[in-house]
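Okay, here's what each chain looks like letter by letter:
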Amino acid sequence: MHIERFVERNRDSLDIRRHLARNALEGQICPDTADALRGILADIEAAVDEAGNLRVEIAGESVSTRADYERTELARDIVLAEDGIEALIGHICDEDPSISVQSQLVAERLAGRQFEVCFTDRDGTVNGYSNRYVTSIQPAHVALSLTRFAAAVCNHFVVLTAGPLADPGILDLSVMPSSQVVYAASKGREVVFPDGSEKAEFLGPDQRNALRELALAIEKLYGSNRFASFRYVGSGLQSKFGECSVAYQDWQSNCPPELSLAFRAEIEAQIRRIDPDGRTFHVEDGGRDLEISTLDASATAYDKGTGLLFVAEHAGINLKGRSVLVCGDTISDVPMVRRVVEAGARLEVVFVTTDPALQAQLRDVAPQTLFVDRYEALVLGMYLAVTEETHEYMVV
Ligand SMILES: [Mg+2]
């Protein structure tokens, strides 16, 4: 299977999943969408070998990678379409019993609460990790749970992501109805509100030009046979507002280490060429991606905490004394928690992490933080928190 075909088949699922989510929100099953999703899954499975590796063709070469996210989530949405949400919850809890226990903890923490606003990160927090951003389409079951939660108990529901807004960005991957959600992309520097209006931070011409030049240099690297496959590794190149990120490894480490390091070195060389004095770019190595952000006049890099305040200001959200829920999964999400504490909000925090260092950091800022191991526990917990029925398969 050619990589472009793989991307296209996943994109085919977007409108099908939007249709499915709408029906599921009304409590209806949707057998026609089950068939359509089954067709997409069958096409992908045909390119998967016995060990579960996906063989794809990139620049004339056969490359082995994993498509666990895409396959798992398609299979789950097929259950949702055919048998409904209750059956799917049973299916997910059967996969890993800890999800059942932890989602119950989340539900207990959130049940009966009303939030002025929920700020949540996307990838790893309310969505699984894919090896490729372009195929990390939001599953319909996730859209259903988040929409139920947002509509029932949140005045504002904000997805605040480091990823870009579009082309491709969060708007191209989202399945939940846009009327229920504020999309804050590029760490909150570009925002789309539920009524469709948009707002973006200021960005100077020098910063714009430097980012454009860097993007062109990376495109040139993708054009070489040696580095062609990196276009489809992780987030690939993401040109965002005021910054960009370039992946040199995916989260399951499918790229040969030597090649991965060689690609990273080439990018670093381009950064030094464009910004020899280090006055324009701030570079952070996330272990799989280089995040290159432009510095503002005070030479500080933008973080999600700054983005959160930008969103709050333009959405007319007053944080002081109000109930605010913050959800995240990495260190880049901690500034959101800090800003909400500083603003004097009544804070609730759920983090998806098993990292002891990150947990310790959060306990310093917000001792009440609830930790879960997997994103499913958070999403399912949100659904259960606003759903009346008792769930006899839940182990408490
Ligand atoms: Mg994340």
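Structure shown above.
For every chain, the first residue of the written sequence is number 1, and numbering continues from 1 onward in sequence order. With the structure being a predicted model, the display of local features is reserved for residues of pLDDT at least 70 and the display and counting of side-chain atom pairs for 80 or more, all residues being used for whole-chain, interface and lining totals. Derived side-chain values reflect all non-hydrogen atoms in the structure, with water molecules and hydrogen atoms excluded from consideration.

Undergrad: Explain the packing of helix H8 (residues 205-223) against helix H9 (residues 257-274) here, please?
TA: Two packed helices can be described by the angle between their axes and the distance between those axes. Direction vectors running N to C along H8 and H9 enclose 150°, while the axes themselves pass 10 Å from each other. When the interaxial angle is binned, H8 and H9 end up roughly antiparallel. Crossing hand, H8 versus H9: right-handed. Residues Ala210, Glu213, Leu214, Ala217, Ile218, Leu221 and Tyr222 of H8 form the contact with H9, whose participating residues are Phe263, Glu266, Ile267, Gln270, Ile271, Arg273 and Ile274. When residues are grouped by polarity, Ala, Val, Leu, Ile, Met, Phe, Trp, Tyr, Cys and Pro land in nonpolar, Asp, Glu, Lys and Arg in charged, and all others, Gly among them, in polar. Of the residues that constitute the contact of H8 with H9, the class distribution is ten nonpolar, one polar and three charged. In this description, a line fitted to the C-alpha atoms serves as the axis of each element, helices being fitted only across the stretch in contact, and the angle between N-to-C directions of two axes falls anywhere from 0 to 180 degrees. In this text, helices come from DSSP runs of H or I with a minimum length of four residues, and strands from runs of E with a minimum of two, each type numbered from the N-terminal end. What sets the label is the angle itself: under 35 degrees gives roughly parallel, over 145 gives roughly antiparallel, 65 to 115 gives roughly perpendicular, and the rest give oblique. When the near helix sits turned anticlockwise from the far one by under a right angle, the crossing is termed left-handed; a clockwise turn instead gives a right-handed crossing. Contacts between residues were defined by any pair of non-hydrogen atoms, one from each residue, lying within 4.5 Å.

Undergrad: Where do I start with the coordination of the magnesium ion in this structure?
TA: Perfect tetrahedral coordination of a metal by four donors corresponds to 109.5 degrees between them, and perfect octahedral coordination by six donors corresponds to 90 or 180 degrees. Donor criterion used throughout: N, O or S atom within 2.8 Å of the metal, extended to 3.2 Å for Na, K and Ca. Water excluded; incomplete-looking sites may result. For the magnesium ion, the protein coordination sphere consists of Asp121 (OD), Asp123 (O) and Asp329 (OD), at 2.2 to 2.3 Å. Read in sequence order, the donor residues for the magnesium ion give the motif D-x1-D-x205-D. Taken as a pair, Asp121 and Asp123 share a single burial class, namely buried. Accessibility here uses a 1.4 Å probe with only protein chains present; expressed as a share of the type maximum, an area under 20% marks a residue as buried, one over 50% as exposed, and anything in between as partly exposed.

Undergrad: Which parts of the structure should I look at to understand helix H11 (residues 334-342)?
TA: The α-helix advances 3.6 residues per turn, and as a result positions three or four apart in sequence lie on the same side. For H11, every residue scored as buried is listed here: Val334, Pro335, Met336, Val337 and Val340. Looking at the packing, one finds that the buried side of H11 touches strand E3 (115-120), strand E4 (154-160), helix H10 (304-315), strand E12 (323-328), strand E13 (346-352) and helix H12 (356-365).

Undergrad: Just checking my understanding: could you explain the nonpolar core for this structure?
TA: A general feature of soluble globular proteins is that nonpolar side chains tend to end up buried together. Within the largest apolar cluster, 75 residues are counted, with the highest numbers of intra-cluster contacts made by Phe149, Phe157, Leu325, Leu378 and Met382. With nine residues, helix H13 (residues 375-385) is the single largest residue contributor to this core. As used here, the term nonpolar core means buried Ala, Val, Leu, Ile, Met, Phe, Trp, Tyr and Cys residues forming a set that is joined through side-chain atoms within 4.5 Å. Counting residues in each nonpolar core, the second largest holds 30 residues, with Val117, Val158, Ala345 and Leu358 among its members.

Undergrad: Is there a simple way to explain the pattern of salt bridges in this structure?
TA: Oppositely charged side chains are able to pair whenever their charged atoms sit close together. A carboxyl oxygen of Asp or Glu within 4 Å of a side-chain nitrogen of Lys or Arg is what we treat as a salt bridge. Taken as a whole, this structure holds 30 salt bridges when the rule is applied. For Glu219, the salt bridge goes to Arg231, with nearest N and O atoms at 3.1 Å. Of this pair, Glu219 sits in helix H8 while Arg231 is found in the loop between H8 and strand E8 (237-240), placing the two residues twelve residues apart along the sequence. Of the residues examined, Glu219 reaches a relative accessible area of 35% and is grouped as partly exposed. Of the charged contacts in the structure, one is a salt bridge between Arg264 and Glu268, with a shortest N-O distance of 3.9 Å.

Undergrad: Where do I start with the sheet that holds E12 in this structure?
TA: Each strand in a sheet pairs with its neighbour through backbone hydrogen bonds, running either in the same direction (parallel) or in the opposite one (antiparallel). Two strands make a pair as long as DSSP finds a minimum of two bridges between them. In spatial order, the strands read E7-E6-E5-E4-E3-E12-E13-E14; together these eight strands make up an open sheet with mixed pairing. Every interior strand has two partners, whereas the edge strands, strand E7 (198-200) and strand E14 (370-372), have only one. Each strand axis lies, on average, 15° off the axis of its neighbour in the sheet, ignoring direction. Relative to strand E5 (residues 182-185), E4 runs parallel, the two being bridged by three bridges. Looking at E5, one finds that Val159 is bridged to Tyr183. The strands that helix H5 (residues 97-110) touches are E3, E12, E13 and E14; relative to E14, the one it contacts most, it runs at about 155°. H10 contacts E3, E4, E5, strand E6 (190-192) and E7 of the sheet and is inclined by roughly 140° relative to E4.

Undergrad: What is the right way to look at the sheet that holds strand E11 (residues 289-294) in this model?
TA: With antiparallel pairing, four strands are arranged side by side in an open sheet as E8-E9-E11-E10. Bordering the open sheet on either side are E8 and strand E10 (281-285), each of which pairs with just one other strand. Neighbour-to-neighbour, the strand axes of the sheet open up by a mean angle of 15°, direction not taken into account. Here strand E9 (residues 243-247) runs beside E11; their pairing, made up of five bridges, is antiparallel. From the neighbouring strand, Ala247 faces E11, where its bridge partner is Asp289.

Undergrad: Before we go on, may I ask you to explain the side chain of Gln102 in this structure?
TA: When you line up the elements, Gln102 lands in helix H5. Under the relative-accessibility criterion, Gln102 is labelled buried at 13%. Beyond its immediate sequence surroundings of up to four residues, Gln102 is in contact with Val372, Asp373, Arg374 and Ala377.

Undergrad: Where do I start with the environment of Ile16 in this structure?
TA: Among the structural elements, Ile16 can be located in helix H1 (residues 3-25). In this structure Ile16 comes out as buried when scored by relative accessible area, which is 18%. For the pair Ile16 and Val283, spaced 267 residues apart in sequence, the C-alpha separation works out to 38 Å. When residues no more than four places from it in sequence are discounted, the contact partners of Ile16 are Thr33, Ala36, Leu37 and Ile40.

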